[in-house]
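# Working through the structure, step by step
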Amino acid sequence: MADRTAPGCQLRLEWVYGYRGHQCRNNLYYTAGKEVVYFVAGVGVVYNTREHSQKFFLGHNDDIISLAVHPDKTLVATGQVGKDPYICIWDSYRVQTVSVLKDAHTHGVACLAFDSDGQRLASVGLDAKNTVCIWDWKRGKLLATATGHSDRIFDISWDQYQPNRIVSCGVKHIKFWTLCGNALTAKRGIFGKTGDLQTILCLACAKEDITYSGALNGDIYVWKGLNLVRTIQGAHSAGIFSMYACEEGFATGGRDGCIRLWDTDFKPITKIDLRETEQGYKGLSIRSVCWKADRLLAGTQDSEIFEVLVRERDKPMLIMQGHCEGELWALAVHPKKPLAVTGSDDRSVRLWSLADHALIARCNMEEAVRSVSFSPDGSQLALGMKDGSFIVLRVRDMTEVVHIKDRKEVIHEMKFSPDGSYLAVGSNDGPVDIYAVAQRYKKIGECNKSMSFITHIDWSVDSKFLQTNDGAGERLFYKMPSGKHITNKDEVKGIHWASWTCVIGSEVSGIWPKYTNVTDVNSVDGNYNSSVLVTGDDFGLVKLFRFPCLKKGAKFRKYIGHSAHVTNVRWSHDFQWVLSTGGADHSVFQWRFIPEGITNGILETSPQEGSVDSYSEESDSDLSDVPELDSDIEQEAQINYDRQVYKEDLPQLKQQSKEKNHSVPFLKRERAPEDSLKLQFIHGYRGYDCRNNLFYTQTGEVVYHIAAVAVVYNRQQHTQRLYLGHDDDILSLSIHPVKDYVATGQVGRDAAIHVWDTQTLKCLSLLKGQHQRGVCALDFSADGKCLASVGLDDNHAIVFWDWKKGEKLATTRGHKDKIFVVKCNPHHVDKLVTVGMKHIKFWQQTGGGFTSKRGTFGTTGKLETMMSVSYGRIEDLVFSGAATGDIYIWKDTLLLKTVKAHDGPVFAMHALDKGFVTGGKDGIVALWDDMFERCLKTYAIKRAALSASSKGLLLEDNPSIRAISLGHGHILVGTKNGEILEIDKSGPMTLLVQGHMEGEVWGLAAHPLLPVCATVSDDKTLRIWELSSQHRMLAVRKLKKGGRCCAFSPDGKALAVGLNDGSFLVVNADTVEDMVSFHHRKEMISDIKFSRESGKYLAVASHDNFVDIYNVLTSKRVGICKGASSYITHIDWDSRGRENRVGHLDMCTWFYL
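How each quantity is defined
Per chain, the residues get numbers from 1 upward, laid out in the order the sequence is written. Only residues with pLDDT of at least 70 get local features here, since the model is predicted, and only at 80 or more are side-chain atom pairs given and counted; chain-wide, interface and lining totals rely on the full set of residues. Here the side-chain values reflect all heavy atoms present in the structure, with hydrogen atoms and water set aside. Secondary structure counts use DSSP, requiring at least four H or I residues in a row for a helix and at least two E residues in a row for a strand, with both numbered from the N terminus. Only protein chains enter the accessibility calculation, which uses a 1.4 Å probe; a residue whose area is less than 20% of its type maximum is buried, one above 50% is exposed, and one in between is partly exposed. By definition in these notes, contact holds between two residues if any of their heavy atoms fall within 4.5 Å. For the accessible areas, the method is Shrake-Rupley and the probe is 1.4 Å, while residue cover comes only from the protein chains on display. All tallies of charge rest on Lys and Arg as positive and Asp and Glu as negative; His and the ends of each chain are not included. Charge positions come from single atoms, namely NZ of Lys, CZ of Arg, CG of Asp or CD of Glu. The rule for pairing is simple: two strands pair if DSSP sees at least two bridges between them. Only protein atoms enter the 1 Å grid used here. Points where a 1.4 Å probe fits but cannot escape make up a cavity, open sets with protein on both sides within 12 Å along at least five of seven lines make up a pocket, and a residue lines them when an atom lies within 4 Å of a point. Grid points are joined across faces, edges and corners, and a volume is the space filled by probe spheres set on the points. Here the term patch refers to residues with relative accessible area over 30% and no salt bridge, with like charges joined within 9 Å and nonpolar side chains (Val, Leu, Ile, Met, Phe, Trp, Tyr) within 5 Å. The rule for a salt bridge is simple: a side-chain nitrogen of Lys or Arg has to be within 4 Å of a carboxyl oxygen of Asp or Glu. Between rings of Phe, Tyr and Trp, where Trp is taken as its six-membered ring, a pair exists when centres lie within 6.5 Å; planes separated by under 30 degrees are stacked, by over 60 edge-to-face, and by other angles tilted. Simply put, an axis is a line fit to the C-alpha atoms, just over the touching stretch for a helix, and the angle between two N-to-C directions goes from 0 to 180 degrees. pLDDT gives the predictor's per-residue confidence on a scale running from 0 to 100. For the purposes of these results, a polar contact is taken to be a pair of N or O atoms within 3.5 Å, where, inside protein, one atom must be able to donate a hydrogen and its partner to accept one; residues adjacent in sequence count only when each atom of the pair is a side-chain atom. Working definition: a disulfide is two cysteine sulfur atoms within 2.5 Å of each other.

### As for the overall build of the protein
Looking only at helices and strands, one finds four helices and 92 strands in the protein. In the protein, which comprises 1153 residues, the share counted as buried stands at 60%. Within the protein, residue pairs in contact and separated by at least 24 positions form 47% of the contacts whose partners lie at least 6 positions apart. When the accessible surface of the protein is totalled, it reaches about 47400 Å², and 49% of it is carbon and sulfur. Taking the average place of the 137 positive charges on the side chains of the protein and the average place of its 138 negative ones, the gap between the two points comes to 2 Å.

As C-alpha cells, this is what we get:
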C-alpha cells in the first residue's frame, strides 16, 4: 500500500528577499531593539542589520498592506487585505500575536496609528466608505466607528498632545476628528486661499494644534486647527509620500527620491538625494521614511530598503532588495553552488547568494522575464522572455551569448539537458523547441503534439527523452533531440528522469486535492534523496509531500507566508534549502529543509514562532495508513445537522402561506378547545451524539437535555422541571461553576445559546448571531463570567462571550473537522483547549481573536482523534482522552506521555479535587489519581449491578459512556443508549432516566386497558413504558430492523410492530416475545392496526402503496387494498371492524369490506 502519510521532514522559513514598497507607505520603522520592521507578502519581518538575521510574524492569511509601531517601539500592528480582513498586534521581539482585531472592516485595512500612550489604535478600511475605527486593542473591542470619506484615505495620525484628536488625509481632503465617548466626528480642513485644494498623501501632528501634511505637488501644508495657515513650497519636487515625526524633528520622503530632515519647527536641516548616490538610479521613489538619532531608513517603490547614517549621508547602505512591478515567475538554482537566479516582469534578472542571504548581481533586460535555466556546468544562463524570444547569458560577466526569437507567445518553461548538449524551450504557442548548444543554439528539433501552452518540462537522466505538461492537463513524451512523440507505454516505463518538476503524472497524483483545477498547482520539485516533493499553488501555500505521491488526496505539511499564488519552487543544489517565489507579492522565500531524522529532536519541540499551523488541516496531517476510525466516532462525525427548514423559518413561511391563500375563501375556524396539555415527563437523554451534557445542580438535582428541552430532574421525587425556551434540538450543555446557571446551545440557521437559571427556569441571556447550523460545545470560564462556544459551521468557529452583557469578546476559526469539546483553562481566563477529529489545539485569546498552537506529539504518541479533555490541578497540565483508549498527558503544548485507560475511545473525563474520573466506549467508569499513574477503582455498567430502585432496565451491559459528572457522593453517568445512571461510590447503580437512542421515533401505541404505552424507533428497539407516577420502562427488546409503527390488540395481550424493511411481527405484550412474523413488502411499514372489538383482523400499511389484511386467528393474509397512487400514511378501522379507512399522500379514502 502506498504511503499516503505526511512526510516527517519539515521546512523552516529562513529568509525573505523583498519589501512591499508598491501601493503602500509609512511601513518601515526601527524597533526598540534597533531592528528594522517591515512587511512583504503576508509576512511581518523583523530584520537585525547587525547580525544579518530575520524573524517572521506569520499571523496573517493575505497580503499585509499597513503597519504601525506602538510608542514603546516593541509592539507592531499590521493590517491586511481580504474579504474579512483583520489587524494583528504582535510583539516584535518574540514575534507572537498579542491581539487580533476583526469584524469591523471589509476589503482591507489601509492605515493604522497608535495613540500617544499606546492604549488605542485607529484603523482605516478599504471599503467604499473608507470607514475609520477606534479600538481598545488589548481587549479587542471597537470603541467607535465612522464613515471616513467618499474617496481614498492615505494616512491617519493621532495628535500626540491632544489625546482625543485624530487627523486623516487623502484624495483632495484632510479631516480633523474628535473622539467623544463612542462618537467620532469630523470637520474638513479649510484650504482657503493659502493653498490649492489637492490630494494630501501624509501628515504629522505637532504642538499647539499644528498639523504638517505632504501634498501631491511636493509642497508641505501647515495647518492650525482646521485652517491652512501657510505652505512650504518646493519641499520636494514631486509628491511627498511619507512623513515621520520624532524627537529630533521631522523626516519627509518623496517621489523625487529625496529625504529631507526638518527641525521641530519645520525648518530645513538637510537634504539627501538617493538618486545621486552610488546605489541610486533615475526614477527612484521613496514610499516610507524613519528617523532615529543618527540613522535613517528609506523604503522605495522598487522594493528596496536604504539605511543612511546622517554623518555619511552620501553613502547610503542598500540593506534589502527585491523584485518590483508585475509578476515574478522565473526561478532556477545553480547546479553546483548555493546560488539562485530569478527573473520578473520588472525586466530584471537577479542572482542571489543563499549562504549570505544577499543579492550579488543584477542585470536589466529589454523585456519581461518569465523563465530561467542554468546549464549543467553553471556557466550559462538561459532566459525565457514574455515576447517569445530567449536569451543566453554568460554567468561570469552576464554578457549575452545569443538572442533567438522563434515564437510569438511567452516562454514559460525551459531546461538544459543533463549532458549540456541541448536546450528545450517551451512556449505558450504550444511546441517545445530543441536547440543544440554547441552549434550556437541552432534549432534541431520540435515537440509539437501539445494542444495547449507548455507549463513544465523534464529531461531524462541520459538526455534522450523529454516529458512535458501543458495547460490542457496532458503529459506527453518525446524522443530527443528529434522531438518524435512516444506513445508506447512500455518504453516510457523504463525512463529515469533527471529532475521532477511536472505537476501531472502518476508519480505526483497525490498532490491534487479533490475538486481542483489542473492549473491550481503551479510548480513542483522532487527531492530524490529524501523522497519528498515540494509544491507551490494558487492558494499561497508551499507544501511538502512524500515522493512519489501516487494516490489522490495524499497528506502533506503546509507552509504559509506568500499571500498570492506561489509561482515557482525549487530545491537548492545540495537540498539544504527550498526557494519559492510569489507571483503578485514579488517576493523570494528561502526555506531551510529539516530532514526527518532531525525533526523530532529539534523542530517538533520548538515550532516556528508566530506561524499558523505549518501542518496541514485539509489533510488531517499525518494519519492515513492507520487503523480505521472507531465506528461510533465515524458515525457521529458524519451526522449532518443541516435542515431544509429551520424552526426560525416557520413564521416567515406561515406569513407567505397566508398571503398565498389570502384570496381563497375559507370556512370560519372552530374555536380552540378549553382543555390544554401540560408537559409532565420526558423519557430520554441525548447521549448518542453529545457529551459533557449531564451535571448536578447546586441543590442536587440533575440537569441534562433531550430534544429541544432542558430537564432539571429531582432524584428523590422522580419529577422533572423543564426549560422550554429553545425552538430546536439542543446539542450542548454546560453548567456554571456555582452550579446555579446552565448554558444550552441548539441547532439553527442562526443557532442560539440560552443561559438560564436552574431554580426559576428563566432565561438570563440569549446569545445569537455567531454560529451557523448549531452549537456543538460549550464551557464556562473558571470565574463564570465568560462562556466559550463552538459552532457546526465549516470552520467550527469558536466564540468567547461575556454572557451577561451578551457581548462577543473574541472569535476565531476552530478547525476544518469537527470539534468535540472546548474547555476553559481554570488558571488563565484567556486560554482554552479544543479537541476533535485528529487534533488538539491550545488557544490564547488575543484581543478580539485567538492564536492557536497544535499539540506537539513528537515520538511520544501518534496524532489521534481526541474525544475528551480536562485541565489538571497543576497549572500547565492538560489531559485528553483519545479514540484509542489512551490518556494523553500534555505540558503546555508538548506531549509528555500516554497511559492506557480504556478499551476503545475515552468519551468522557471529569477532573476532581484530587484525580480524575473517566468513561469509555467499553462501559467502564474509572477513578484515577492526579497524574493517571494509578487507577484507584473501576465500575462496570452492568444489568446485574442495578439497584431495585432503578426506574427502568439497561438495554445492554457495558453501554458506551458519553458523559460523567461527580457530586453529592455519587457519580452521574450518561450513556450512548440514552440512559442516565447514578453510581454510589460503594458500588450500587441506580437507573434514573432512559429513552430511545439515535434515529427517529415514530411508532407509538397506548394500551387499551392499562396506563402503559409502547414505542418503536429507528434505533431497532421496542419499548414498553409505564405512564403512572413511576415513569419507567417496563420492558425492552432489540429488533432486527428499525420500526416506524406499533399497535396493541383490543385486549392488550398482543402488540404488532411494523419494521422499516417491509416486515412486521406480533409479540406478546407482557413478555415482548415473538408470536408471529410476516415479510410480504419491500418498503417500510408505515401504519399497523388491529380491527375493533375482537381484533380478528390486522391491517398493515406500507410504502409499497398497499394495505395488507391478515386474519389474526389463522395467521394468514386474507386481503389486499390496492389502488393507492402513493405511499400509505394512516389507516383506521370502523367501529364494527369491517371498513378500513386509509389515508395516503393523495388524500384518498379506501374501504375494505
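### Some thoughts on the pairing of strand β84 (residues 1054-1059)
For β84, the buried fraction is high: six of the six residues fall into the buried class. Of the two faces of β84, the one carrying Ala1054, Ala1056 and Gly1058 and the one carrying Leu1055, Val1057 and Leu1059 are both buried. As defined by bridge partners, strand β83 (residues 1043-1048) adjoins β84 across five bridges and the pair is classed as antiparallel. The partner of Cys1045 across the bridge, within β84, is Gly1058. Two successive antiparallel strands, β83 and β84, enclose a turn made up of five residues, where Gly1052 displays a positive phi of approximately 75 degrees. In this structure, β84 lies alongside strand β85 (residues 1063-1068), joined through five bridges in antiparallel fashion. Following the sheet pairing, Gly1058 is matched in β85 by Phe1064. Where β84 folds back onto β85 in an antiparallel hairpin, the turn is made up of three residues, including Gly1062, whose phi is positive at roughly 95 degrees.

### Re empty space enclosed by the protein
With the rule as written, the count across this model stands at six cavities of 30 Å³ or more. Its boundaries defined by the atoms lining it, the largest cavity holds a volume of some 140 Å³. What lines the largest cavity is a set of 16 residues, among which Arg691, Ser732, Cys776, Ala777 and Phe820 lie closest to the centre. Contributions of two or more residues to the lining of the largest cavity are made by β57 (730-735), β59 (763-780) and β63 (819-824).

### Some details on the pairing of strand β18 (residues 200-205)
Within β18, six of the six residues are buried, which leaves the element mostly enclosed by the surrounding structure. Pairing between β18 and strand β19 (residues 210-215): five bridges, direction antiparallel. Bridge pairing in β19 links Ala204 to Tyr212. What sits between the antiparallel neighbours β18 and β19 is a turn of four residues, in which Glu208 has the positive phi angle 55 degrees.

### Quick notes on the environment of Leu142
Here Leu142 is to be found in strand β13 (residues 141-146). In this structure, the C-alpha to C-alpha distance between Leu142 and Lys102, residues 40 residues apart in sequence, is 9.1 Å. Beyond its immediate chain neighbours, meaning those up to four positions away, Leu142 contacts Ala104, Cys133, Ile134 and Trp135.

### Observations concerning a positive patch on the surface
A grouping of Lys34, Arg50, Lys73 and Lys292 is seen on the molecular surface, where their side chains present a positively charged patch. Assignment of secondary structure puts Arg50 in the loop between β4 (43-48) and β5 (53-57).

### Some points on the packing of aromatic side chains
Per the stated rule, a full pass over the model turns up 44 aromatic pairs. A centroid spacing of 5.7 Å and a plane angle of 85 degrees characterise the contact between Trp15 and Tyr47, whose relative ring orientation is edge-to-face. Separated by 32 residues along the polypeptide, Trp15 in strand β1 (residues 10-17) and Tyr47 in strand β4 bring together distant segments of the chain. Assigned by exposure class, Trp15 and Tyr47 land together as buried. A ring pair is formed by Tyr19 and Tyr38, whose centres lie 6.0 Å apart and whose planes are at 70 degrees; its orientation type is edge-to-face. Taken as a pair, Tyr19 in the loop between β1 and β2 (29-30) and Tyr38 in strand β3 (residues 36-40) lie far apart in primary sequence, 19 residues in all.

### Side note on the sheet that holds strand β67 (residues 866-871)
Read from one edge of the open sheet, four strands run β67-β68-β69-β70, paired in antiparallel fashion. Strands with a single pairing partner mark the edges of an open sheet, and in this sheet they are β67 and β70 (894-900). Averaged over all neighbouring strand pairs, the angle between strand axes comes to 25 degrees, with direction disregarded. Here β67 runs beside strand β68 (residues 877-882); their pairing, made up of five bridges, is antiparallel. When the sheet's bridge partners are listed, Ser870 is paired in β68 with Phe879.

### Describing the sheet that holds strand β78 (residues 989-994)
The strand order across the open sheet formed by four strands is β75-β76-β77-β78, and the pairing between neighbours is antiparallel. The open sheet has two edge strands with one neighbour each: β75 (961-967) and β78. Within the sheet, the average angular offset between the axes of one strand and its neighbour, ignoring direction, is 20 degrees. As judged from the five bridges shared by strand β77 (residues 979-984) and β78, these two strands associate in the antiparallel manner.

### Quick notes on the confidence of the model for the protein
When pLDDT is averaged along the protein, the result is 89; 93% of the residues meet or exceed 70. The low-confidence segment residues 599-627, where pLDDT is below 50, has 91 contacts with residues more than four positions distant or belonging to other chains. Throughout residues 1144-1153 the model reports pLDDT below 50, and contacts reaching past four residues in sequence, or to other chains, amount to 34 contacts.

### Digging into the environment of Ser99
Structurally, the position occupied by Ser99 is in strand β9 (residues 96-101). Linking Ser99 and Gly847, residues 748 residues apart in sequence, is a C-alpha distance of 4.1 Å. Aside from chain neighbours lying at most four places away, what touches Ser99 is Ile87, Cys88, Ile89, Trp137, Lys138, Gly140, Thr846, Gly847 and Gly848. A distance of 2.5 Å separates the side chain of Ser99 from the backbone oxygen of Trp137, its partner in a polar contact. A polar contact is formed between the side chain of Ser99 and the backbone nitrogen of Gly847, at a distance of 3.2 Å.

### Details of the pattern of salt bridges
Counted under the stated rule, the structure contains 45 salt bridges. A salt bridge links Lys1040 to Asp1061; its shortest N-O distance comes to 3.9 Å. Pair noted here: Lys1040 is in the loop between β82 (1032-1038) and β83 and Asp1061 is in the loop between β84 and β85, with a separation of 21 residues, a long-range link. Lys1040 gets classed as exposed once you look at its relative accessible area, which sits at 56%. Here the salt bridges share partners, and the residues they tie into one network are Arg407, Asp433, Lys443 and Glu446.

### Digging into the environment of Lys484
Tracing the backbone shows Lys484 in strand β45 (residues 484-486). Sequence separation of Lys484 and Cys447 is 37 residues, and the distance between their C-alpha atoms is 6.8 Å. Ignoring anything within four residues of it in the chain, the contact list for Lys484 reads Phe477, Tyr478 and Lys479.

### Examining the side chain of Lys951
Inspection of the secondary structure puts Lys951 in the loop between β74 (935-940) and β75. Put simply, Lys951 is tucked away with no salt bridge, and the nearest opposite charge, on Glu982, sits 9.2 Å away. Here Ser949 takes part through its backbone oxygen, which lies 3.1 Å from a polar atom of the side chain of Lys951. Non-local contacts of Lys951, meaning those with residues more than four positions away in its chain, are made with His718, Leu991, Leu992, Gln994, Gln1030, His1031, Arg1032 and Met1033.

### Focus: the state of the cysteines
Taken as a whole and assessed by the stated rule, the structure comprises zero disulfides. Note on Cys88: no disulfide assigned, nearest cysteine sulfur contributed by Cys133 at a separation of 16 Å. With no disulfide of its own, Cys363 has Cys324 as its nearest cysteine by sulfur position, at a separation of 15 Å. For Cys363, a relative accessible area of 14% puts it in the buried group.

### Side note on unusual backbone geometry
Each neighbour pair has its own omega, and for Met480 with Pro481 the value is 0 degrees, a cis peptide bond. On the secondary structure map, Pro481 appears in the loop between β44 (475-479) and β45. A positive phi is found at His52, a non-glycine position, where the angle reads about 50 degrees. Relative to the helices and strands, His52 resides in the loop between β4 and β5. A positive phi angle, close to 60 degrees, is found at Met398, a residue other than glycine.

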